[in-house]
Amino acid sequence: MIAVLGYAAILVALAGSVGLVITSVMASRSVDQDPAAVRMPLFALFGGGIAAFVILEIAILTHDFSIAYVAQNSALQTPFVFLFASGWAALEGSVVLWGVLLSVFSMLVWRRLWRGDGLGLGALAVMGAVSVFWFGLMATAANPFALCTEVANGFCSASSWLPVGSMAVPPDGIGPNPLLANHILMAVHPPMLYLGYVGFTVPFAFAISALARSEPGKVWLDRTHRWSLIAWVFLAAGILLGAWWSYEVLGWGGYWAWDPVENAALLPFLAATAFIHSAVVQQRRSMLQAWNFVLIIATFALTIFGTFITRSGVIASIHAFSQSAVGPALLGFLAVVVFGSLALFALRAGAVASSPRLDSLASREGFILVNSFLMTLFAFTVLFGTTFPLMVEAFTGREVSVGQPFFNRVTIPFANPNFDGDKPGTSALLRSCRRLGGSQSPRLRRDWDSVRTLDAGRTFWCVAHSTTTTTHPCPSILIGGSGFAVRAQKAETPSSCTCEPGGSSSLMRSGSLRREYRLTPRLHRWPTYRGYPASAPGSVRDGGRA
């Protein structure tokens, strides 16, 4: 009975998702554009998603081993914390978690719409389309309420896709993977990552809505700026907790091993960091509009790619806890997202991407663009190293592996925090930027001082360097790094970060890094907005006032 109720909740949410797409599109094209028109399908999506998750947890906590998912991922002796966390420990449960979070976010977006908000209704249509895929996946290839139909050696050995029919109930379940039931972070790390993954659906949906409606400007950025920051923080926390978990449980001798699934979580984080940086420029100077569309599309696509890598089992990884046949569906959805979004962007680029041209790279906006470009190159390099074994095996049939030496060698030139330019690891581009910072021009020095506090590459180099070569807790820098995205990096932020083997690190009172550092030579004395001065005293923009 509980399987029937759970599957019915999934079908209700799926119907609500389809209805949300249709009604949102119709409402966005109507005269009054009333958000109340999407109330019924949205409530069906929200209620169905919540009900599916709650029913699955009830089945797990009551040890209903007639459901194959419960029998294969829990047991009578499983402690309560890990029993509850079994709801997202495997493929089907993680898809349910994704769906329920997406339904909650859709409801939150709807509550902030108003009459005549065509952009918001278009975003709801996009979120409804994404919901159609996830709840459709639950209703077909990843049904969490499939019945156990055969028992062998006391455990469920076969299941039926339908939630009705003959069933066999084993006396006990197999239980979760031992690696998933020996640390409390199992109950925290995956939900944090999924909150970050699903959170980026909101800015992506608003971006696609702006493209579809040919609405230029920064309105979609202003409305999703907080969403982007919240999703970024959750994703950062998830990566940090995962690094801690791996150190405690797996005993790698470090926090990071460039495992494919680790890289899959890092990729959207890097793209999102680049997006948050460049979005500030568009919000304040109306520049980089086209670049921001590309970055948010890449960020959302990489969240789908990360799920594909984690749950398809196509890459050998210590994180590959579950393997199933949903890989082709995830890959197909990824292809639709990438090619569909880029095709729409190509059609609308002329209408939405008109913006003032960048005068020079030797400016605040220029340095932020360079920083964003470096982060994108960093992400592309990690993506290439992660997918290279797949490409080689697909075209040649040979099995190859890409390990830590490759990533350590190719990522440091993009993210080396040493801006002195006198060590081998520093890239030529950063050395040239350092020379600009030492220029005799007051304007160039001022631009350099204001922008270098935003360089997220230093944070990620510290994380990568320390986690692959040492065992000290330097990844706590990731928390401190969230300051530049959330608190806009006040002028007191240190201008460099040094991570050395055998050292230690902690956070200062203000969230800055208490490590070996030197303060910015000259502190800003004028107001800043999210990382760079809105108008520097004495500049041409300020009218020359001191």
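This text follows the structure it describes.
Residues numbered from 1 in each chain as written. Predicted model: local features only at pLDDT ≥ 70, side-chain atom pairs only at ≥ 80, totals over all residues. Heavy atoms only, no water.

So, about the overall build of the protein chain. A count of helices and strands for the protein chain gives 18 helices and six strands. Across the 546 residues in the protein chain, those meeting the buried criterion constitute 56%. Put simply, of all contacts in the protein chain between residues at least 6 apart along the chain, 72% involve residues at least 24 apart. Carbon and sulfur atoms form 63% of the exposed surface of the protein chain, whose accessible area is close to 22300 Å². (Helix = DSSP H or I, 4+ residues; strand = E, 2+ residues; numbered from the N terminus. Buried < 20%, exposed > 50% of the residue type's maximum accessible area, 1.4 Å probe, protein only. Contact = heavy atoms within 4.5 Å. Areas by Shrake-Rupley, 256 points an atom, 1.4 Å probe, with all protein chains shown as cover.)

So, about helix α12 (residues 327-352). For an α-helix, the turn length of 3.6 residues means that residues three or four places apart are oriented alike. With 26 residues, α12 extends 35 Å between its outermost C-alpha atoms, agreeing within 8% with the 38 Å of an ideal straight helix rising 1.5 Å per residue. Maximum bend of α12: about 40°, positioned at A346. If you follow the buried residues of α12, they end up packed against α6 (118-139), α8 (201-212) and α11 (289-312). (Expected span 1.5 Å × (residues − 1). Bend = angle between axes of the 7 residues up to and from the residue.)

Here the focus is the state of the cysteines. Going through the model one piece at a time under the given rule, you end up with one disulfide. One disulfide bridge connects C148 with C156, the sulfur atoms lying 2.3 Å from each other. Across the disulfide from C148 to C156, rotation about the S-S bond amounts to roughly 125°, and the bridge is consequently right-handed. Residue class for C156 comes out buried when judged on its relative accessible area of 8%. (Disulfide = S-S within 2.5 Å.)

Take the side chain of T386 next. Residue position: T386 is located in helix α13 (residues 364-396). Exposure remark for T386: the relative accessible area of 4% places this residue in the buried category. Polar contacts involving the side chain of T386 include one to the main-chain carbonyl oxygen of V382, which spans 2.7 Å. (Polar contact = N/O pair within 3.5 Å; in protein donor to acceptor, adjacent residues only side chain to side chain.)

What follows deals with the pairing of strand β1 (residues 147-152). Put simply, side chains in a regular strand alternate between the two faces of the sheet. In the sheet, β1 pairs with strand β2 (residues 155-160) via five bridges, with the strands oriented antiparallel. In the strand pairing of β2, E150 is matched with A158. Hairpin connection of β1 to β2: two residues between the antiparallel strands, including N153 at a positive phi of 55°. (Pairing = 2+ DSSP bridges.)

Let us look at the pattern of salt bridges. Evaluation of the coordinates by the stated rule reveals four salt bridges. Note that D117 and R223 form a salt bridge whose closest N and O atoms lie 2.6 Å from each other. With a gap of 106 residues between them, D117 in the loop between α5 (91-111) and α6 and R223 in helix α9 (residues 219-249) connect regions that are remote in the sequence. By relative accessible area, which is 3% here, D117 ends up buried. By relative accessible area, R223 is classed as partly exposed at 22%. For the salt bridge of E215 with R213, the shortest nitrogen-to-oxygen distance reads 2.5 Å. (Salt bridge = Lys/Arg side-chain N within 4 Å of Asp/Glu carboxyl O.)

The subject of this paragraph is a nonpolar patch on the surface. A grouping of M1, V4, L5, W161, L162 and V164 is seen on the molecular surface, where their side chains present a nonpolar patch of about 600 Å² in accessible area. Note that L162 resides in the loop between β2 and α7 (189-199). We classify L162 as partly exposed; its relative accessible area is 40%. (Patch = residues over 30% accessible without salt bridge, like charges linked within 9 Å, V, L, I, M, F, W, Y side chains within 5 Å.)

This part is about unusual backbone geometry. Phi is positive for Q33, close to 50°, though the residue is something other than glycine. Along the chain, the position of Q33 falls in the loop between α1 (2-29) and α2 (39-61). We note that H63 has phi near 60°; this positive angle belongs to a residue other than glycine. Its location among the elements puts H63 in the loop between α2 and α3 (68-73).

Residue position: S86 is located in the loop between α4 (80-85) and α5. On the accessibility criterion, S86 (1% relative accessible area) is buried. Within the structure, the side chain of S86 is placed 3.1 Å from the backbone oxygen of N73, a separation counted as a polar contact. If we skip the residues at most four places from it in the chain, S86 touches I60, Y69, N73 and S74.

This paragraph deals with the nonpolar core. Grouped together as the largest cluster of nonpolar side chains are 127 residues, with contacts concentrated most on W134 and W220. Among all residues touching W220, those that are not within four sequence positions of it are L119, P203, F206, A207, A210, F275, Q282, N292, F293 and I296. (Core = buried A, V, L, I, M, F, W, Y, C linked by side-chain atoms within 4.5 Å.)

Next up on the list: the packing of α1 against α2. Viewed as axis vectors pointing N to C, α1 and α2 meet at an angle of 155°, and their least axial separation amounts to 7 Å. It follows from the interaxial angle that α1 and α2 lie roughly antiparallel. Judged by the twist between their axes, the crossing of α1 over α2 is left-handed. Contacts between α1 and α2 pair I2, L5, G6, A9, I10, V12, A13, G16, S17, G19, L20 and T23 from the former with P41, L42, A44, L45, G48, G49, A51, A52, I55, I58 and A59 from the latter. (Axes fitted to C-alpha atoms, helices over the stretch in contact; angles between N-to-C directions. Parallel < 35°, antiparallel > 145°, perpendicular 65-115°, else oblique. Left-handed = near helix turned anticlockwise from the far one by under 90°.)

The next thing to look at is α2. Between the first and last C-alpha of α2 there are 33 Å, a value that for 23 residues agrees with the 33 Å anticipated at 1.5 Å per step. Among the residues making up α2, those that are buried are P41, L42, L45, G48, G49, A52, F53, I55, L56, E57, A59 and I60. Packed against the buried residues of α2 are α1, α3, α4, α5 and α6. Downstream of α2 by a residue or two, H63 has a phi angle that is positive, lying close to 60°.

On to the environment of I55. Relative to the helices and strands, I55 is located in helix α2. Look at I55 and you get buried, because its relative accessible area is 15%. As for I55 and A3, which are separated by 52 residues in sequence, their C-alpha atoms are 8.3 Å apart. In this structure, I55 is in contact with I2, L5, G6 and F145, ignoring residues within four places of it in sequence.

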